[in-house]
Amino acid sequence: MHTNSLSSDLSALIQSPIREQLPDDVVKEVLSSFPFVPIPMALNLRTMSSPNLAANILFRSGCLSHLSPESLSLLKSDLKITTIFDLRSRKERKKAPSPDIEGIETVWVPSTTDIDAGPICVGSTEVTVKGILQDVKPGDFVANNGDNGYITAYNNLLQTHRQAYRGVFNRLRDGEGGVLFHCTAGKDRTGVLAALIHALVETPREAIANDYGLTRIGIEPFRERLLRSLLEQMGRGGEPVDIDQLIEEPGMETMCGVRAPSILAFLDSLNSRYGNSGQIIGSGKYVGVKGYLITELDLSVDDLEQIKKKLAGSKEIPVTYS
């Protein structure tokens, strides 16, 4: 497949409903192409990059527990990762412990909630999907193409995972070497954190939506297992789960899927809540995100500038503070 056709296919694949199986040959090619990292059996593993974010400094993924020692060693030897942040719950980690990787520190900061879910096999390992949708229901994802539901769920994550997110930003300010952060699928807890980082460095909106939407392809080899576990977590299990029948419920498919524009709606929602912080100097597209980072994560304006410069690498980031 040529580059131009791959780009057009990416756009179509990202928008594919979660019930649809994606073409195996196309998925394999995408997962072996930038920004994905072609480590065997990796779940949704890719580098983050944008015009203002140097590649191969930050990485995002789903669960790592099922990977072989040989695959895990590549995170250090090839990707130069020195720190991994595990955003999963205590019970998830108990069922699928974070692997020990020589030369890499794994950091876990507990969230304010610890909702367990039914087990799911990824490779030969049982993991669980955390109930980050506990305060929303399928009907919340009907209006505005599901944006209302995602805004509620993701604003919840800003609070439940505040300490974990603070730890990541502190590491980006003070540490050296590559950083990887992950949850189970690499969609919600990971997707919110990635969006915050992209917004900080003024990544163009289209690129933020694309980075979030790539999860639709990244999870495809594990799609049915992850989707079935999520439905069971919502009380739809017990007996064999008919996925096609269950997602006919209004809002269900949007809630279970990956809708790229919803991450932008979430970021925009922060402007009314945090965008008027008196500590913020200047303006920009993502003043609400910067307000959250300052008021909730206790970062200073100087901290944000320092993080932006480190993430830029050799790239120059537009200055939004005076």
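Keep in mind it's a predicted model, so treat the numbers as computed, not measured.

1. Side note on the pattern of salt bridges
Next, step 1: The full count for this structure, using the stated rule, is 21 salt bridges.
Next, step 2: With a shortest N-O distance of 3.0 Å, R93 and D86 are connected by a salt bridge.
Next, step 3: Salt-bridge contacts for R216 lead to E220; the nearest nitrogen and oxygen are separated by 2.7 Å. The same class applies to R216 and to E220, which are both buried.
Next, step 4: Overlapping salt bridges bring together R216, E220, R223 and E224 as one network.

2. Describing the nonpolar core
Next, step 1: By size, the foremost hydrophobic cluster in this structure holds 76 residues, and its most contacted members are Y165, F169 and I217.
Next, step 2: Per element, the largest residue contribution to this core is 8 residues, and it comes from helix α7 (residues 189–200).
Next, step 3: Aside from chain neighbours lying at most four places away, what touches I217 is L10, L13, I14, L22, V27, V30 and L31.
Next, step 4: If you look at the next biggest cluster of nonpolar residues, it comprises 15 residues, including V37, L67, L75 and I81.

3. Side note on the packing of aromatic side chains
Next, step 1: Using the criterion set out here, one finds 5 aromatic pairs in the structure.
Next, step 2: Here Y154 and F266 contribute two aromatic rings whose centre-to-centre distance is 5.7 Å and whose plane-to-plane angle is 85°, an arrangement assigned as edge-to-face. You can see Y154 sitting in helix α5 (residues 147–160) and its partner F266 sitting in helix α13 (residues 260–274), a full 112 residues away along the chain.
Next, step 3: A centroid spacing of 5.5 Å and a plane angle of 70° characterise the contact between Y274 and Y292, whose relative ring orientation is edge-to-face. Taken together, the residues span a long stretch of sequence, with Y274 in helix α13 and Y292 in helix α14 (residues 287–295) at a distance of 18 residues. The same class applies to Y274 and to Y292, which are both buried.
Next, step 4: An aromatic cluster of at least three residues, connected via ring pairs, comprises F141, Y150, Y154, Y212 and F266.

4. Description of the packing of helix α6 (residues 162–174) against helix α15 (residues 301–312)
Next, step 1: In contact at an axis separation of 8 Å, α6 and α15 are set at 65° when each is read in the N-to-C sense. Judged on the interaxial angle alone, α15 and α6 are roughly perpendicular. Of the two elements, α6 crosses α15, and the hand of that crossing is left-handed. Contacts between α6 and α15 involve F169, L172, R173 and D174 on the former and, on the latter, D303, Q306, I307, K310 and L311.
Next, step 2: Split by residue class, the contact of α6 with α15 holds 4 nonpolar, 1 polar and 4 charged.

Parameters at a glance
- Chains are numbered independently. Their residues run from 1 in the order of the written sequence.
- Predicted model: local features are reported for residues with pLDDT of at least 70 only, side-chain atom pairs are reported and counted for 80 or more only, and whole-chain, interface and lining totals are derived from all residues.
- With hydrogens and water set aside, each side-chain value is computed from the structure's full complement of heavy atoms.
- A pairing counts as a salt bridge when a side-chain nitrogen of Lys or Arg comes within 4 Å of a carboxyl oxygen of Asp or Glu.
- For every residue, the accessible area (1.4 Å probe, protein chains only) is compared with the maximum for its type, and the residue is labelled buried under 20%, exposed over 50%, or partly exposed between those bounds.
- Put simply, buried Ala, Val, Leu, Ile, Met, Phe, Trp, Tyr and Cys residues joined by side-chain atoms within 4.5 Å make one nonpolar core.
- Every helix listed is a DSSP run of H or I at least four residues long, and every strand listed is a run of E at least two residues long, numbered separately from the N terminus.
- By definition in these notes, contact holds between two residues if any of their heavy atoms fall within 4.5 Å.
- Here the aromatic set is Phe, Tyr and Trp, taking the six-membered ring for Trp, and pairing holds for ring centres within 6.5 Å; pairs whose planes are under 30 degrees apart are stacked, those over 60 apart are edge-to-face, and all others are tilted.
- To get an axis, fit a line to the C-alpha atoms, keeping to the stretch in contact for a helix; angles then go from 0 to 180 degrees between the N-to-C directions.
- Here the angle decides the label: under 35 degrees means roughly parallel, over 145 means roughly antiparallel, 65 to 115 means roughly perpendicular, and every other value means oblique.
- Left-handed describes a crossing whose near helix is turned anticlockwise from the far helix by less than a right angle; the clockwise case is right-handed.
- Residues are grouped as follows: Ala, Val, Leu, Ile, Met, Phe, Trp, Tyr, Cys and Pro are nonpolar; Asp, Glu, Lys and Arg are charged; all remaining types, including Gly, are polar.

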